[in-house]
Amino acid sequence: MLGNNNTWQLPAVALAVSAALISACGGGGSSSSPSPSNPTTPNSASLDMSAVAVEDNDTGLPADWYRKGVFLEIFVRSYFDSNGDGYGDFDGLTAKLDYIESLGVKGIWLMPTMSSQDRDHGYAVTDYRGYEQDYGDAESFKRFLDEAHARGIGVIIDYVINHSAAENPLFLDSVDSIEDKRDWYMWRSDYVYWPQPWGSGDTWHSRNGAYYFGIFWDQMPDFNLQNPDVLDYHYHSQRYWLNLGVDGFRFDAVSHLVEGEDGQLEGHPETFTILKQIQDNVSQYQNRYMVCESPSHSFEMASDEVCGSAFGFGLNYALVNTARTGTLDPALNGYLTHPNIHNTALVLANHDRFAGARLMEQFNGNEARYKMAVASLLTLPGIPFIYYGEEIGMSHNGQGNDWDLRAPMSWTGDSRTGGFTESSPYRDLANNVTSYNVAAQQADPDSLLNFYKQMIALRNAEATLQTGDLTLLEAGSNSVLSFIRTEGDEELLVILNYSASSRTISLNLETNSEWQEIYPALSGSITAASNGATSLLQPALSIEVYRRH
């Protein structure tokens with residue numbers, strides 16, 4: 001714990017972490033100072049900090065719904081504006097639930113929905129039991145939650161536990177050392193230079209003659225999570241949302257929960273202990289799901305003994321690279337054979353620049369290769385997540401940084417509104433809104449949107465694709481990924497040819513086994529020879545799935 005003394009020392013060597021793995025937490029904002037605070041009146045008196053008892057409730061979802069379905073990540077501000085103010089909102093989400101249901105997804109991850117200082121990305125939280133003003137109130141959020149559950153869709157929300165906003169009343173009390181809140185954050189009396197793990201930016205920031213720690217931004221000070229009172233506050237706040245009926249959380253930036261006295265800024269051993277305690281808190285409720293963001297410790301965090309699930313960063317690059325180049329990425333095999341692969345949340349991209357550009361940019365408009373990445377995502381073990389607009393090939397909006405990735409949803413080809421609002425969108429639309437939008441793609445059977453629907457429907461129909469084990473097969477080609485998924489007595493064979501040319505492949509299957517094609521048609525079949533050897537011609541840029549008979 002770092003209080004007012006100077007027990008921590010500058011590390012001898014700055015931690016070297018690839019800039020590609022930066023956990024962006026929504027990315028910056030203005031560099032304004034925290035709001036002035038009154039040193040005689042606790043600001044935190046304005047917050048609900050009461051203890052919250054566990055009130056377990058059945059949200060009506062199937063058991064282990066989160067392991068069996070596909071998630072859609074949504075930035076509420078950019079999804080749909082229901083009241084004409086130019087901002088997406090909770091009622092807008094409710095209005096689009098029929099569309100979301102039509103995709104076949106079984107879960108929704110909402111980017112931050114709590115009151116925030118930045119009033120944009122939301123990762124600078126000012127009230128952990130409050131609602132973002134532009135989105136609506138408790139009533140409109142609960143209405144959305146109930147309507148999602150009525151459609152069999154679970155909802156998890158972002159919980160930003162590593163840091164708060166500098167304007168959070170808790171931090172303002174910490175600044176003024178009111179009611180023992182000084183030790184809720186990390187303070188020291190002298191300046192030291194601890195560079196951010198991904199660069200050279202300062203992590204200690206000046207305030208009232210002292211220095212506080214904020215690894216991402218001076219407006220997002222880090223909590224002192226070695227203080228049990230801080231953890232208790234967060235546990236009770238999580239219960240507030242779980243009692244309301246939220247189905248779990250996505251925890252942001254978990255690599256950085258605890259900093260070592262030697263300046264270790266990520267992956268500290270106590271971080272893993274705290275994450276297991278958080279999982280235990282969430283597990284007091286039936287059928288809930290938590291998933292962690294840790295670019296530097298992705299698969300380690302996915303362990304049952306830590307988060308239970310975590311995003312598989314690294315695998316996303318390997319999948320996209322394989323589909324883009326037509327050659328299996330060298331790292332792919334290692335990721336797919338990791339013991340925690342079934343707990344891993346799979347993505348191709350998301351709201352953060354470090355995870356990659358919008359897929360349409362990454363594939364330079366090549367829809368055939370785009371579809372191969374999607375086919376890979378939705379047939380592998382793990383828990384797939386797709387990012388809003390990804391299903392229609394939305395592009396960036398040219399505003400730079402993470403804002404590029406968070407344009408208003410392209411519902412129609414209207415170049416002024418994109419069908420997102422009846423007024424003026426708060427942010428520029430995607431550059432390709434006129435050609436890549438929901439209205440245009442719904443009517444096109446060969447569209448990206450309908451391909452997503454087909455692949456999600458296939459996964460939903462086949463329990464083996466949801467939770468089955470994975471056995472990789474040698475195909476005799478570095479352009480072909482082939483594997484068997486096994487669930488009980490059921491076996492599915494998946495063959496993906498990433499090459500722009502057809503490939504003759506050789507597989508070793510079980511002796512005399514017979515396989516019937518189930519995707520894309522029901523006409524094909526495979527019969528293995530007496531020694532199990534099988535040779536077949538795999539079409540260019542294609543996926544085929546067979547069921548063993």
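Description of the structure in this document. Since we're looking at a predicted model, the values are computed, not measured. Each chain carries its own residue numbering, running from 1 in the direction its sequence is written. Per-residue local features are limited, in this predicted model, to residues with pLDDT of at least 70; the limit for side-chain atom pairs, both in listing and counting, is 80 or more; totals at the level of whole chains, interfaces and linings are taken over all residues. In computing side-chain values, all of the structure's heavy atoms are included and hydrogens and water are not.

1. Considering the overall build of the chain
Stated formally: Each helix is a run of H or I in the DSSP string that is no shorter than four residues. Each strand is a run of E no shorter than two, and both are numbered from the N terminus. We compute the radius of gyration from the C-alpha atoms alone; for a globule the expected value is 2.2 Å times N to the 0.38, where N is the number of residues. A simple rule labels every residue: compare its accessible area, found with a 1.4 Å probe on the protein chains alone, to the largest value its type can have, and call it buried under 20%, exposed over 50%, or partly exposed in between. Here, two residues are considered to be in contact whenever any of their heavy atoms come within 4.5 Å of each other.
Helix and strand counts for the chain stand at 15 helices and 21 strands. What you see for the chain is a C-alpha radius of gyration of 24 Å, in line with the 24 Å of a compact globule of 549 residues. Each of the three principal axes of the chain carries a C-alpha extent, and together these read 80 × 55 × 45 Å. Taking all 549 residues of the chain together, 61% fall into the buried category. Considering only residue pairs separated by 6 or more positions, the chain has 69% of its internal contacts joining residues 24 or more positions apart.

2. Points about the pairing of strand β10 (residues 289-292)
Worth spelling out the cut-off: Look down the strands so they point away from you; if going from the first strand over the helix to the second traces a clockwise path, that crossover is right-handed.
Because side chains alternate across β10, one face comprises the buried residues Tyr289 and Val291, and the other comprises Met290 and Cys292, equally buried. This β-α-β element, strand β9 (residues 248-251) to helix α7 (residues 269-282) to β10, shows right-handed connectivity.

3. Concerning the environment of tyrosine 233
For tyrosine 233, the location among the structural elements is in helix α6 (residues 228-244). Tyrosine 233 sits 185 residues away from aspartate 48 along the chain, and the two C-alpha atoms are 10.0 Å apart. Among all residues touching tyrosine 233, those that are not within four sequence positions of it are Leu47, Asp48, Met49, Tyr128, Arg129, Leu170 and Trp184.

4. Focus: helix α4 (residues 138-150)
Where we set the bar: In this analysis, the expected span of each helix is defined as 1.5 Å times one less than the number of residues it contains. Polar contacts here mean pairs of N or O atoms no more than 3.5 Å apart (in protein, one a potential hydrogen donor and the other a potential acceptor; neighbouring residues in sequence count only if both atoms are side-chain atoms).
Over its 13 residues, α4 extends 18 Å from the first C-alpha to the last, a length consistent with the 18 Å expected when each residue adds 1.5 Å. Three or more residues of α4 are buried, namely Ser140, Phe141, Phe144, Leu145, Ala148 and His149. The secondary structure elements touched by the buried residues of α4 are α2 (90-95), α3 (97-103), β2 (107-110), β5 (154-159) and α6. Structurally, the start of α4 carries an N-cap: the backbone nitrogen of glutamate 139 is 3.2 Å from a side-chain oxygen of aspartate 137. Of the residues trailing α4, glycine 152 is marked for its positive phi of about 75°.

5. Here we look at the nonpolar core
To keep things clear, this is the line we draw: For the purposes of this section, nonpolar cores are sets of buried Ala, Val, Leu, Ile, Met, Phe, Trp, Tyr and Cys residues that join through side-chain atoms within 4.5 Å.
Within the largest apolar cluster, 139 residues are counted, with the highest numbers of intra-cluster contacts made by Tyr79, Tyr99, Ile100 and Leu110. If one sorts the elements of this core by residue count, helix α14 (residues 448-461) sits on top with seven residues. Ranked by size, the runner-up nonpolar core spans 16 residues in total, among them Ile156, Tyr289, Phe313 and Val347.

6. Details of the state of the cysteines
Structurally, a disulfide amounts to a covalent bond that connects the sulfur atoms of two cysteines. Let me state the cut-off plainly: Only a pair of cysteine sulfur atoms within 2.5 Å counts as a disulfide in this structure description.
Under the defined criterion, the tally for this structure stands at one disulfide. Residue cysteine 292 pairs covalently with cysteine 307 via a disulfide, S to S 2.1 Å. In this structure the cystine formed by cysteine 292 and cysteine 307 twists about its S-S bond by roughly -95°; its chirality is therefore left-handed. Of this pair, cysteine 292 sits in strand β10 while cysteine 307 sits in the loop between α8 (298-301) and β11 (310-311), and the two are 15 residues apart along the sequence. In terms of burial, cysteine 292 and cysteine 307 fall into one category: buried.

7. Quick look at the packing of helix α9 (residues 315-325) against helix α12 (residues 367-377)
Cut-off, in case you're wondering: In this description, a line fitted to the C-alpha atoms serves as the axis of each element, helices being fitted only across the stretch in contact, and the angle between N-to-C directions of two axes falls anywhere from 0 to 180 degrees. The handedness criterion is simple: a crossing whose near helix is rotated anticlockwise from the far helix by less than a right angle is left-handed, and one whose near helix is rotated clockwise is right-handed. Three classes are used, and their members are as follows: Ala, Val, Leu, Ile, Met, Phe, Trp, Tyr, Cys and Pro are nonpolar, Asp, Glu, Lys and Arg are charged, and the others, Gly among them, are polar.
Where α9 contacts α12, the two axes come as close as 8 Å, and the packing angle between them is 140°. The handedness of the crossing between α9 and α12 is right-handed. Here Leu319, Ala323, Arg324 and Thr325 of α9 lie close against α12, whose contacting residues are Arg369, Met372, Ala373 and Ser376. Along the lines of polarity and charge, the residues of the contact of α9 with α12 split into four nonpolar, two polar and two charged.

8. A word on the sheet that holds strand β7 (residues 204-207)
Filter applied, for reference: DSSP calls a pair of strands paired once it identifies at least 2 bridges connecting them.
A sheet is described by the order of its strands in space; here three strands give the open sequence β6-β8-β7, paired in antiparallel fashion. Because the sheet does not close on itself, it has two edges, and the strands there are β6 (187-188) and β7. When β6 meets strand β8 (residues 210-213), the two strands line up antiparallel, connected through two bridges. Its bridge partner being in β8, tryptophan 187 is matched across the sheet by tyrosine 212.

9. What to know about the packing of aromatic side chains
Which entries qualify depends on this criterion: A pair of aromatic rings is counted whenever rings of Phe, Tyr or Trp (Trp by its six-membered ring) have centres within 6.5 Å, and the orientation is called stacked for planes under 30 degrees apart, edge-to-face for over 60 and tilted otherwise. Only when the NZ of Lys or the CZ of Arg is both within 6 Å of the ring centre and within 35 degrees of the ring normal is a charge said to sit over the ring.
One pass over the full model with this rule turns up 44 aromatic pairs. When the ring of phenylalanine 90 is compared with that of tyrosine 135, the centres are 5.7 Å apart and the planes differ by 75°; the resulting orientation is edge-to-face. Of this pair, phenylalanine 90 sits in helix α2 while tyrosine 135 sits in the loop between β4 (125-127) and α4; the two residues are 45 residues apart in sequence, bridging distant segments of the chain. A residue is classified by how much of its surface remains accessible, and phenylalanine 90, at 0% relative accessible area, is buried. Under the relative-accessibility criterion, tyrosine 135 is labelled buried at 2%. Among the aromatic residues, those joined into a cluster by ring pairs are Tyr128, Tyr159, Phe171, Trp184, Tyr185, Trp187, Tyr212, Phe223, Tyr233, Phe249 and Phe251. Here the basic side chain of lysine 181 rests over the ring of tryptophan 184, its NZ or CZ set 5.0 Å away from the ring centre.

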